[in-house]
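Results of the structural survey
What follows is the residue order along each chain.
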Amino acid sequence: MSGWLLGTAAAGGSGAIPIGPLQLVGAASLILVNVGLSALLQLGLARGLVTASLRMVVQLLLTGTALGWVFRQDSPGVILLLALLMGSVAGHSAVSRTRQRFPGIHLSSMVSVLTSAALVTGVAVGGILRPAPWYDPQYLIPLLGMVLGNTLNGISLGLDTLMGGLQEGRHRIEQALAVGAGRWEASASVVREAVRVAMVPTINAMTVMGVVSLPGMMTGQILEGALPAAAVRYQIVIMFMIAAATALGVVAVVVLGFLQLSHADGRLRLERLQPADRPGRRATTG
């Protein structure tokens, strides 16, 4: 291995303070603040908070165990299969957050997520970081995970904005078509707005990073003993990866979605839209 992305190759200290079971219990008790406020304000979120907390703990503990096994693998086939699985789950999760659906939305989301994440992560691993071997899971998997997590948020926002914009602007689009506008010309403002809205959280995060917020990856490296300058360089690389992957993924999914929701002559196919089984949540940058 050429070193672990989140490790202490550039260590300037003795490493992070170990966190044991008692410390985890103490940290978990902080959720009582949320539960108490929910009860006081009658928000009805207490059960959801507890359930989400339990799921998070179980999922992260299982992930930690699984990653220990993954990092010991020396087979590119196993690593790439895991990467494909991660991308597929991300594509499905992006759709699960939208408020409406249309036939083909899952495929559009998965193609967009997988393509954008694979291209950007491939460039970063093969052309920037260049670990040896190139499929080193201690680099590839964490990088891919951070890219996927942020890209799926952008895709959710882009899809929601596209579907809502086409519905709200239906009459204006039909009027433009009636006077001779083409398919893309009539709906260009809706498509552009969907891409713009989806990119705003990433731009906002980049704007305040290092001044208002300290990213989790950089903080983790510093806690492990890495020199702040080294941790910052990794974070810069990752943020540019996230920005590029989000842009590519959002443009791809918005274009694919628009093609699914319009005829070749520009007429909209909004009858294909159906409410989600469960109301989706607006995505946020992670």
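Procedures and definitions
Residues numbered from 1 in each chain as written. Predicted model: local features only at pLDDT ≥ 70, side-chain atom pairs only at ≥ 80, totals over all residues. Heavy atoms only, no water. Helix = DSSP H or I, 4+ residues; strand = E, 2+ residues; numbered from the N terminus. Expected span 1.5 Å × (residues − 1). Polar contact = N/O pair within 3.5 Å; in protein donor to acceptor, adjacent residues only side chain to side chain. 1 Å grid on protein atoms, 1.4 Å probe; cavity = no way out; pocket = protein on both sides within 12 Å on 5 of 7 lines; lining within 4 Å. Points joined across faces, edges and corners; volume = space filled by probe spheres on them. Nonpolar A, V, L, I, M, F, W, Y, C, P; charged D, E, K, R; others polar. Buried < 20%, exposed > 50% of the residue type's maximum accessible area, 1.4 Å probe, protein only. Salt bridge = Lys/Arg side-chain N within 4 Å of Asp/Glu carboxyl O. Phe/Tyr/Trp six-rings, centres within 6.5 Å; stacked < 30°, edge-to-face > 60°. Contact = heavy atoms within 4.5 Å.

Time to look at helix H6 (residues 137–168). The end-to-end C-alpha distance of H6 is 45 Å, a good match for the 46 Å that 32 residues give at a rise of 1.5 Å each. If you check the start of H6, you find a side-chain oxygen 3.0 Å away from the backbone N of Gln138, and it comes from Asp136.

A separate point is the layout of surface pockets. The volume enclosed by the second largest pocket comes to roughly 240 Å³. Surrounding the second largest pocket, 14 residues form its lining, Leu80, Ala83, Ala118, Leu140 and Leu144 being those nearest its centre. Contributions of two or more residues to the lining of the second largest pocket are made by helix H4 (76–96), helix H5 (105–129) and H6. Its residues assigned to classes, the lining of the second largest pocket shows 11 nonpolar, 3 polar and no charged.

Time to look at the environment of Met163. Relative to the helices and strands, Met163 resides in helix H6. In this structure Met163 comes out as buried when scored by relative accessible area, which is 0%. Measuring from C-alpha to C-alpha, the distance between Met163 and Leu37 comes to 35 Å, with 126 residues separating the pair along the chain.

This part takes up the pattern of salt bridges. Under the counting rule described, the total for this entry stands at 4 salt bridges. Across the pair Arg99 and Asp160 runs a salt bridge whose closest N-O atoms are separated by 3.7 Å. Taken together, the positions of Arg99 in the loop between H4 and strand E1 (100–101) and Asp160 in helix H6 put the pair 61 residues apart, joining distant regions of the chain. Since its relative accessible area comes to 40%, Arg99 is described here as partly exposed. Given the relative accessible area of 5%, Asp160 is considered buried.

In this section: the packing of aromatic side chains. Tallied over the full model, the rule gives 2 aromatic pairs. Between Trp134 and Tyr135 the ring centres are 5.4 Å apart and the planes differ by 85°, which places this aromatic pair in the edge-to-face class. Residue classification places Tyr135 among the buried positions, given a relative accessible area of 13%. Measuring from ring centre to ring centre gives 4.7 Å for Trp184 and Phe258, while their planes differ by 50°; the resulting arrangement is tilted. Here Phe258 lies in helix H10 (residues 228–260) and Trp184 lies in helix H8 (residues 183–208), a separation of 74 residues in the sequence. Taking relative accessible area as the criterion, Trp184 reaches 41% and is therefore assigned partly exposed.

Quick look at the side chain of Ser38 now. In this fold, Ser38 is placed in helix H2 (residues 31–41). A polar atom in the side chain of Ser38 sits 2.9 Å from the backbone nitrogen of Leu45. With sequence-adjacent residues up to four places away left out, Ser38 is seen in contact with Leu43, Gly44, Leu45 and Ala46.

So, on to unusual backbone geometry. The step from Ala132 to Pro133 runs through a cis peptide bond, and the omega angle for that step is 0°. Among the secondary structure elements, Pro133 is positioned in the loop between H5 and H6. At Gln42, a position not held by glycine, the phi torsion is positive, near 55°. With respect to the element layout, Gln42 can be found in the loop between H2 and helix H3 (46–70). Gln42 gets classed as exposed once you look at its relative accessible area, which sits at 73%.

No statement about biological role is implied by the geometric values presented.
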